[in-house]
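# Survey of secondary and tertiary structure
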Protein chains: 4
Amino acid sequence: MKTTILVHCPDQGGIISSVTAFIHKNKGNIVYLDQHVDKPANVFFMRMVIEFSDTFSDLESFKSLFQKELASIYKMEWSLHTDDKLPKMALFVSKYNHCLYDLLSRYNSGELAVKIPFILSNHIDLKHIADQFEIPFFHIPFNKTNKIEAEKEQLKLLNTYEIDFIVLARYMQIVSGNLISKFPNKILNIHHSFLPAFAGAKPYHAAFKRGVKIIGATCHYVTEELDAGPIIEQDVTTVTHSHSIEDFITKGRDLEKIVLSRGVKLHIARKTMVYNNKTVIFS
Amino acid sequence: MKTTILVHCPDQGGIISSVTAFIHKNKGNIVYLDQHVDKPANVFFMRMVIEFSDTFSDLESFKSLFQKELASIYKMEWSLHTDDKLPKMALFVSKYNHCLYDLLSRYNSGELAVKIPFILSNHIDLKHIADQFEIPFFHIPFNKTNKIEAEKEQLKLLNTYEIDFIVLARYMQIVSGNLISKFPNKILNIHHSFLPAFAGAKPYHAAFKRGVKIIGATCHYVTEELDAGPIIEQDVTTVTHSHSIEDFITKGRDLEKIVLSRGVKLHIARKTMVYNNKTVIFS
Amino acid sequence: MKTTILVHCPDQGGIISSVTAFIHKNKGNIVYLDQHVDKPANVFFMRMVIEFSDTFSDLESFKSLFQKELASIYKMEWSLHTDDKLPKMALFVSKYNHCLYDLLSRYNSGELAVKIPFILSNHIDLKHIADQFEIPFFHIPFNKTNKIEAEKEQLKLLNTYEIDFIVLARYMQIVSGNLISKFPNKILNIHHSFLPAFAGAKPYHAAFKRGVKIIGATCHYVTEELDAGPIIEQDVTTVTHSHSIEDFITKGRDLEKIVLSRGVKLHIARKTMVYNNKTVIFS
Amino acid sequence: MKTTILVHCPDQGGIISSVTAFIHKNKGNIVYLDQHVDKPANVFFMRMVIEFSDTFSDLESFKSLFQKELASIYKMEWSLHTDDKLPKMALFVSKYNHCLYDLLSRYNSGELAVKIPFILSNHIDLKHIADQFEIPFFHIPFNKTNKIEAEKEQLKLLNTYEIDFIVLARYMQIVSGNLISKFPNKILNIHHSFLPAFAGAKPYHAAFKRGVKIIGATCHYVTEELDAGPIIEQDVTTVTHSHSIEDFITKGRDLEKIVLSRGVKLHIARKTMVYNNKTVIFS
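Residues numbered from 1 in each chain as written. Chains lettered and ligands numbered in written order. Predicted model: local features only at pLDDT ≥ 70, side-chain atom pairs only at ≥ 80, totals over all residues. Heavy atoms only, no water.

In the annotation of an unreviewed UniProt entry, chain A is listed under the name Formyltetrahydrofolate deformylase and assigned to Maribacter hydrothermalis. What UniProt states about chain A under its Catalytic activity (unreviewed entry) heading is, verbatim, "(6R)-10-formyltetrahydrofolate + H2O = (6S)-5,6,7,8-tetrahydrofolate + formate + H(+)". (UniProt positions renumbered as here; feature names shortened; annotations may be inferred.)

Attention now goes to the interface of chain D and chain C. The partner chain C presents 31 residues to the 31 residues of chain D that form the contact. For the pair chain D and chain C, the summed buried surface comes to about 2500 Å²; carbon and sulfur atoms form 62% of the total. Among the residues chain D hides against chain C, the three largest losses belong to Arg210(D), Lys213(D) and His241(D). Together they make up 28% of the total. Taken together, the links from chain D to chain C amount to zero salt bridges. (Contact = heavy atoms within 4.5 Å. Buried area = accessible area lost by both parts, 1.4 Å probe. Salt bridge = Lys/Arg side-chain N within 4 Å of Asp/Glu carboxyl O.)

This paragraph deals with the interface of chain B and chain D. Chain B puts 17 residues into the contact, and the matching count from chain D is 17 residues. Surface buried jointly by chain B and chain D totals about 1500 Å² across both partners, of which 39% is contributed by carbon and sulfur atoms. Broken down residue by residue, the surface that chain B buries against chain D is led by Tyr101(B), Gln132(B) and Asp254(B), which jointly contribute 29%. Remark: the boundary between chain B and chain D carries six salt bridges. The salt bridge involving Lys257(D) is made with Asp102(B); its shortest N-O contact spans 3.0 Å. Counting across the chain B and chain D interface gives 11 residue pairs in polar contact (both at pLDDT 80 or more). If you list the elements that add at least two residues to the side of chain B that touches chain D, you get helix H3 (98-108) and helix H8 (245-268) of chain B. Of the residues assigned to the side of chain B that touches chain D, the class counts are three nonpolar, seven polar and seven charged. (Polar contact = N/O pair within 3.5 Å; in protein donor to acceptor, adjacent residues only side chain to side chain. Helix = DSSP H or I, 4+ residues; strand = E, 2+ residues; numbered from the N terminus. Nonpolar A, V, L, I, M, F, W, Y, C, P; charged D, E, K, R; others polar.)

In screw terms, the move from chain B to chain D is a rotation of 180° and a rise of 0.0 Å along the axis, fitting with an RMSD of 0.0 Å. Both chain copies can therefore be described as sitting about a two-fold axis. Ranked by how close their C-alpha atoms come to the rotation axis, the residues of chain B are headed by Gln132(B), at 2.8 Å. The overlap is high: 100% of the interface residues of chain B also sit at the interface in chain D, so the same surface is used on both sides. (Least-squares fit on C-alpha atoms with pLDDT ≥ 70 in both.)

Restricting attention to buried positions, one finds in helix H7 (residues 203-210) of chain C the residues Pro203(C), Tyr204(C), Ala207(C), Phe208(C) and Arg210(C). On an axial view of H7(C), the arc spanned by its buried residues comes to 165°, and they lie on one face. (Buried < 20%, exposed > 50% of the residue type's maximum accessible area, 1.4 Å probe, protein only. Arc of directions from axis to C-beta.)

Note: strands within a sheet are paired through backbone hydrogen bonds, in either parallel or antiparallel orientation. Residues and elements named next belong to chain B. Taken in spatial order, the seven strands of this open sheet run S7-S6-S5-S8-S9-S10-S11, and their pairing is mixed. Each edge of the open sheet carries a strand with a single partner, namely strand S7 (137-139) and strand S11 (231-238). Averaged over all pairs of adjacent strands, the angle between strand axes in this sheet comes to 20°, irrespective of strand direction. Sheet topology note: the strand S10 (residues 214-221)/S11 ladder contains seven bridges and is antiparallel. Looking at S11, one finds that Ile-215 is bridged to Thr-237. Each of strand S5 (89-93), strand S6 (119-121), strand S8 (165-168) and strand S9 (187-191) touches H3; the most contacted strand, S5, lies at about 155° to it. H8 rests against S5, S8, S9, S10 and S11 of the sheet, and its axis sits at about 155° to S11. (Pairing = 2+ DSSP bridges. Axes fitted to C-alpha atoms, helices over the stretch in contact; angles between N-to-C directions.)

This next bit is on the packing of helix H7 (residues 203-210) of chain D against helix H8 (residues 245-268) of chain D. Working note: a packed helix pair is described by the angle between its axes plus the distance between those axes. All names here are of chain D. The N-to-C vectors of H7 and H8 enclose an angle of 125°; their axes lie 10 Å apart at closest approach. Judged by the inter-axis angle, H7 sits oblique to H8. Of the two elements, H7 crosses H8, and the hand of that crossing is right-handed. Of the residues in H8, those in contact with Tyr-204, His-205, Ala-207 and Phe-208 of H7 are Ile-245, Phe-248, Ile-249, Gly-252, Arg-253 and Glu-256. Its residues placed into classes, the contact of H7 with H8 shows six nonpolar, two polar and two charged. (Parallel < 35°, antiparallel > 145°, perpendicular 65-115°, else oblique. Left-handed = near helix turned anticlockwise from the far one by under 90°.)

As a further point, take unusual backbone geometry. A cis amide bond, omega 10°, links Leu195(C) with the succeeding residue Pro196(C). Topologically, Pro196(C) is positioned in the loop between strand S9 (187-191) and H7. A positive phi angle, close to 55°, is found at Arg270(D), a residue other than glycine. Residue class for Arg270(D) comes out partly exposed when judged on its relative accessible area of 30%.

And the structure:
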């Protein structure tokens, strides 16, 4: 069993040696350690992957000790994850199929270590793809008047299926603060621009109008402020005057699916930590 | 003698064949032709490189005929450039030396087909580099109260040396509307961000605060609206959480100098056309 | 009806004006023209897109005239393509599904202007994907002793379905000279390295062993010499010492599918010309 | 005083905690730790940056203890570096000036934490640049018959000036095994191709002939086998059919200087470790 520990706390001397000594004393072997100090914020971040010896059995007491002997002293926020069960990822989609196809193809190829209990949409358009891949599809349409009721249905599904995190695969709807608060830093969105440029609607149109020579896509965690959450991953591609808005959209599709899948993989591997509306992305 | 013709006009049928027939009839051989139609704006753009036969001597009558038989009929704006004399480029700098070093190194290596009559700055800091490369350096300091007088001196120098275009190589000062109007689409600036993200001052600080994963640089023509002129060239490089603002600045320097030099070369080669605050960049 | 004309011939003065005058005289409007001269080889290349007026009806006599008045004089090799019927593309696959999924997703999204009459493989593994997308799948297994018979079956299918070009979407088999000769510059392969580095088998293993910091993928036309045909498109991605061979393979999959799809699109749009084992790729 | 420790040894459990405990016990605070395990080779690599408390004074006894309590037990090869004196870098050049200009500009800007005692060349062409930057220039011409004598002179200079490492900034000469053996993994070269493609002479010509769509540059440590040493850094740029060999060379120059300067900076910062003819590059 592989165990991943994520830690952040105020920076101070001796943390690395205290933690590594603790792990060693408690029969763990550190197979990976990466750390980062945000100097301006004076915050220490660390990600470790640990292998326990075969005779190790009591993860709960390990956790208690970690809290008592390290976390409470260094004022750590921390989490521990084992790889013995797959996280559950819900996909929210709209009418665009490229990110959905891409994620499901990777899922079918064994590239994503998750379960996908369902796909949810306010449109019926992509149901055939869910059917193709034999994944339940829930169609919850809504308009301005019944958005709150629709969200209740969404939340019910998320609860019922014990969803761990949500991927907005070109969902095209604004997610409510209520839903965000229930999945803090657990809703990933793909925005079709190089944020912070061209936040909001129709970024390719705005990029075309501005005459940029490079377009981008951004995977970020969703926060209450639109397109302003912590950035997980970005990538870009060149364009020229000869590209139309439609060309931007087509080229952008390839970016969006690549960038979203990279973000999803980083999240699954617990290589992301959020602090001050920014991410630390471990290697 | 190599002759470059740039044309733009309302799009309509038959332009290419009319122009090429005209060139052929008037003893020119088209060695390069590239064209672009901006469909939403219905504008036709073309760049041609022509070699005239050795016996050709009367460029002035060629130009008169071009105006009469083509330009006036198709409502063209056009220009014709021969390569028999080098354009004169003035460099405006401040305290940062990387773009200046880069441009002067290229100049010394014969990479830039220009003359550099002078380098101008409101600071004395980079004079030693001008001296190193044996180029006149004019120090015109100013503050809020005497900016207008300083600009008069600048304009006098630009006139005296018959400057064709100006490169702001990290000049760090806002250029007045008056100066811009005298050099329309002839002042190139390098902005140290991926515009339109992070326009204005301290873009690396803003990028760091936002937690972007990619930083960029943009070469654009200067217009009255700050950092909003037609974009000539952009490029980007990746950053991570482990990079400090200082790292952003250091990595950015390499971007800035590469992007500025590419923009300058495109301008020198007359491969840029401006329309609707955007550029057409010919190959 | 949009008509594309591709031309190459020995370079000489006056070609562009002769051709454009001919088009104009014969009621065509040139909406796109791009040309290239390979100076060392002294060869002229041109691609034009033409719209004929509504009253134009006789494409055959246009072609006869083009041959007589231009092609025979300038010693042109040329071809003319109309967009009124979709080219037929056969997919050859093996056991890797990522390129297949990617191409079929694009196909389903209307991104590829082709018909896909069938998918062919020597393995049965990917039949379920063909079924998912409701495309006929032909399983033609073979070994060293019956490879020639298998190819006969392949050729029969290619004939029966009137296939225009073949895409080897990680086919993993060497295609015979006989098959290549029947589809000259009409078989596209994706090689999982930045050619010419790491031609042949197991390029990711070789790249890992060499310790490169960048890996790539190459889409090229298949010729008799393995992995040495004209390159259509290449792209790369960075790797570090921390990436295992498996990481190379995973990262490479994303490259392969993007690069292959770009190559396929260029081929479909007739933006590729082959000369001296190199390609001219029009914009 | 900042102290950097580099370690590699056979991989085994407990190394990280042993080392960090040792550092802590000996009054060091680990401000940076990065580690890597090459699984196929079963080798553990680690880089640490340590700050000792102000009262710490005895680095020699720290080193003795490190050797006794850690290195001898874990069979480590290790080195310790303090930042209180700048390493001495010799530049070997030929006739190409772009890498030299770039490195000297960075040096003058304070970007490179080194001393440059001299520039050496078998040609006199770049002496004026050394003069510009007021760095001693030694002209040691040679031909086939007196190469050994010339190398003796080189070695004498390297000794006299106590050179720590050598940068071949487009030196264009093969360095002898004798010289390499005196500077193992301490001679950096820039090769103007994306190695292992186009090793040897005239890589841009070879790339042009092959019709690649991307060209590259590679910074590597020099070993006896030509262009086959451990790769430190690579980068690439796109090219098209419209680029001539001269365009490749011009575009390549920008790559070469960027890639070489990155490699040099990594070496200076002691972020490189060599093993099995590959590099580990720490972040």
